[in-house]
Amino acid sequence: MKTLKLKSSREIPILGQGTWRMGERASQKQAEIDALKLGIDLGMTLIDTAEMYGEGGAEKVVAEAIADCRDKVFLVSKFYPYNASYQGVIKACDRSLSRLKTDYIDLYLLHWRGSVPLSETLEGLQHLKQVGKILDYGVSNFDVDDMEEAVSLPGGEAIVTNQVLYNLMRRGIEWDLLPWCQQRDIPIMAYSPVEQRAFAGRLELEAIAAKHNATTTQIALSWLLGQNNVISIPKATNPQHVRENHAALNISLSAEDIREIDCAFKPPARKMSLAMR
Ligand code: NAP
């Protein structure tokens, strides 16, 4: 698996697995655990979760999936903005650690910006890093102005990623946020990379997909995997989807393919407000 180097010098895989909507239904739990384990076995060892997903349920699913392989997993979790005070983030982290049945989180993210001053959140994150409960920290759903503010604060220089909505149908960040992060070696973690199934059967991608003996969803993911400084975290419970997402790593899009894709899914021609789910 290709990796990117974080500012902290730690390596992070460019393709991982999301967990939103996991941990919500008991009847799905085993299938979710199996899907994550399959993905890990294939090399998608980066797992993204959050205290919000299933109100802790997703973290419990992750705990079971990684129980016998914690050391080879790069574990990302996120905390609510209303838990972003100095004490709040420390307590939220302890709760996540307990649900995840581990003693450290590889990368801990502020899920989106709320009313707590960023300086206070960063103090809490620095403390968690000092005591070894998290190895790195970052943010999510931050646009350029939020990033500029965050990196100017004490502890802000250690922000290693910004997790945002990015895929072929959501290219707004290419105008400013993506280059801003690329210039500062801050990888973007692209969420909803397959736009929650919306690429399935997209006519504009069908000819390219046929050429590569792939699905249209795989072509969309392959395009994202080719972007500089970008990590993708598709969520899949269906094992066939897990396999297809992994196989997208082996698709090599030609310059002609990329031209066709750019015609069908145009890059931004102006600043757009940051898209969010
Ligand atoms: P996504 O990964 O774009 O799409 C997930 C959906 O696509 C699921 O219904 C899945 O089906 C299906 N799918 C996955 N691979 C497929 C394939 N190869 N072919 C066809 N369908 C496929 O959407 P997402 O869950 O919104 O985003 C991914 C992850 O990003 C989340 O799970 C979460 O970890 C993170 N996220 C973060 C934020 C944030 O605010 N920071 C927001 C949204 C998401 P099955 O499950 O049936 O396989």
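In this text, all values refer to a predicted model and were calculated from it rather than measured experimentally.

*Asks:* Would you take a moment to explain the overall build of the protein for this structure?
*Replies:* Each helix and strand counted, the protein has ten helices and ten strands in total. The globule rule puts the C-alpha radius of gyration for 277 residues at 19 Å, and the 18 Å found for the protein is close to it. Expressed along its principal axes, the backbone C-alpha trace of the protein runs to roughly 55 × 45 × 30 Å. Put simply, the protein has 277 residues, and 55% of those count as buried. Sequence-distant contacts in the protein: of pairs separated by 6 or more residues, those separated by 24 or more amount to 77%. Accessible area of the protein: about 11900 Å², with a carbon and sulfur share of 49%. Across the protein, 32 positive and 35 negative side-chain charges occur, with their mean positions spaced 2 Å apart.

*Asks:* Could you clarify how one ought to interpret the pattern of salt bridges in this entry?
*Replies:* Should the charged atoms of two oppositely charged side chains come close, the side chains can pair. Under the definition given, this model contains 19 salt bridges. Across the pair K78 and D48 runs a salt bridge whose closest N-O atoms are separated by 2.6 Å. Here the residue K78 occupies a position in strand β5 (residues 74-79), and D48 occupies one in strand β4 (residues 46-48), the gap between them amounting to 30 residues. The burial state of K78 is the same as that of D48; both residues are buried.

*Asks:* Can you help me understand helix α3 (residues 86-100) in this one?
*Replies:* Because an α-helix completes one turn every 3.6 residues, residues spaced three or four positions apart along the sequence face the same direction. For α3, spanning 15 residues, the distance from its first C-alpha to its last is 21 Å, which sits close to the expected 21 Å at 1.5 Å a residue. Residues G88, V89, I90, A92, C93, S96, L97, R99 and L100 constitute the buried set of α3. The elements touched by buried residues of α3 are α2 (57-66), β5, β6 (105-110), α4 (118-130) and β7 (134-140). Once α3 ends, the next one or two residues include K101, with phi positive near 55 degrees.

*Asks:* How do you make sense of the environment of Q87 when you look at a structure like this?
*Replies:* One can find Q87 in helix α3. For Q87, a relative accessible area of 45% gives the class partly exposed.

*Asks:* Help me out: how do you make sense of the sheet that holds strand β10 (residues 230-232) in this one?
*Replies:* What links the strands of a sheet is backbone hydrogen bonding, and the strands pair in either a parallel or an antiparallel sense. Judged by pairing direction, the sheet is parallel, and its eight strands sit side by side in the order β3-β4-β5-β6-β7-β8-β9-β10 without closing on themselves. Each end of this open sheet is capped by a strand with a single partner; those strands are β3 (16-17) and β10. Against the sheet, α3 contacts β5, β6 and β7, and its axis sits at roughly 135 degrees relative to β6. Docked against the sheet, α4 engages β5, β6, β7 and β8 (159-165), running at close to 155 degrees with respect to β7.

*Asks:* Before we go on, may I ask you to explain the packing of helix α1 (residues 29-42) against helix α9 (residues 239-247) in this structure?
*Replies:* Between two packed helices, both the angle of their axes relative to each other and the distance between the axes serve to describe the pair. At their nearest, the axes of α1 and α9 sit 9 Å apart, and the two run at 25 degrees to each other. What the angle tells us is that α1 and α9 run roughly parallel. Classified by chirality, the crossing of α9 by α1 is right-handed. Residue-level contacts link A35, L38, G39 and L42 of α1 to P239, V242, R243 and H246 of α9. Residue composition of the contact of α1 with α9, by class: five nonpolar, two polar and one charged.

*Asks:* Looking at this structure, I do not really get the site of the ligand. What am I missing?
*Replies:* The environment of the ligand is made up of 27 residues, and the closest members are D48, S192, Q196, K235 and H241. Here an oxygen atom of the ligand and a side-chain polar atom of R197 are 2.9 Å apart. Side-chain polar atom of N245 to a nitrogen atom of the ligand: 2.8 Å apart, as the coordinates give it. Coverage of the ligand by the protein chains reaches 92% of its 900 Å² of free accessible surface. With three residues, the single largest contributor to the shell around the ligand is α9. Residues belonging to the shell around the ligand are distributed by class as follows: eight nonpolar, 13 polar and six charged.

*Asks:* Where do I start with the side chain of E195 in this structure?
*Replies:* Checked against the element boundaries, E195 lands in the loop between β9 (188-191) and α7 (203-211). Looking at E195, its side chain comes within polar contact range of the side chain of R277, at 2.9 Å. What E195 contacts, discounting residues up to four positions off in sequence, is L165, N167, M169, R170 and R277.

*Asks:* Honestly, the pairing of β7 in this entry has me stumped. Any pointers?
*Replies:* A regular strand places its side chains so that they alternate between the two faces of the sheet. Buried residues dominate β7, accounting for six of its seven residues. Direction of pairing for β6 relative to β7: parallel, over a ladder of five bridges. Bridge pairing links I105 to I134 in β7. Since β6 and β7 lie parallel, the crossover through α4 that links them has a hand, and here it is right-handed.

How each quantity is defined
- Residues numbered from 1 in each chain as written.
- Predicted model: local features only at pLDDT ≥ 70, side-chain atom pairs only at ≥ 80, totals over all residues.
- Heavy atoms only, no water.
- Helix = DSSP H or I, 4+ residues; strand = E, 2+ residues; numbered from the N terminus.
- Rg over C-alpha atoms; globule rule 2.2 N^0.38 Å.
- Buried < 20%, exposed > 50% of the residue type's maximum accessible area, 1.4 Å probe, protein only.
- Contact = heavy atoms within 4.5 Å.
- Areas by Shrake-Rupley, 256 points an atom, 1.4 Å probe, with all protein chains shown as cover.
- Lys, Arg positive; Asp, Glu negative; His and termini not counted.
- Charge placed at Lys NZ, Arg CZ, Asp CG, Glu CD.
- Salt bridge = Lys/Arg side-chain N within 4 Å of Asp/Glu carboxyl O.
- Expected span 1.5 Å × (residues − 1).
- Pairing = 2+ DSSP bridges.
- Axes fitted to C-alpha atoms, helices over the stretch in contact; angles between N-to-C directions.
- Parallel < 35°, antiparallel > 145°, perpendicular 65-115°, else oblique.
- Left-handed = near helix turned anticlockwise from the far one by under 90°.
- Nonpolar A, V, L, I, M, F, W, Y, C, P; charged D, E, K, R; others polar.
- Near = heavy atom within 4 Å.
- Polar contact = N/O pair within 3.5 Å; in protein donor to acceptor, adjacent residues only side chain to side chain.
- Right-handed = clockwise from strand over helix to strand, strands pointing away.

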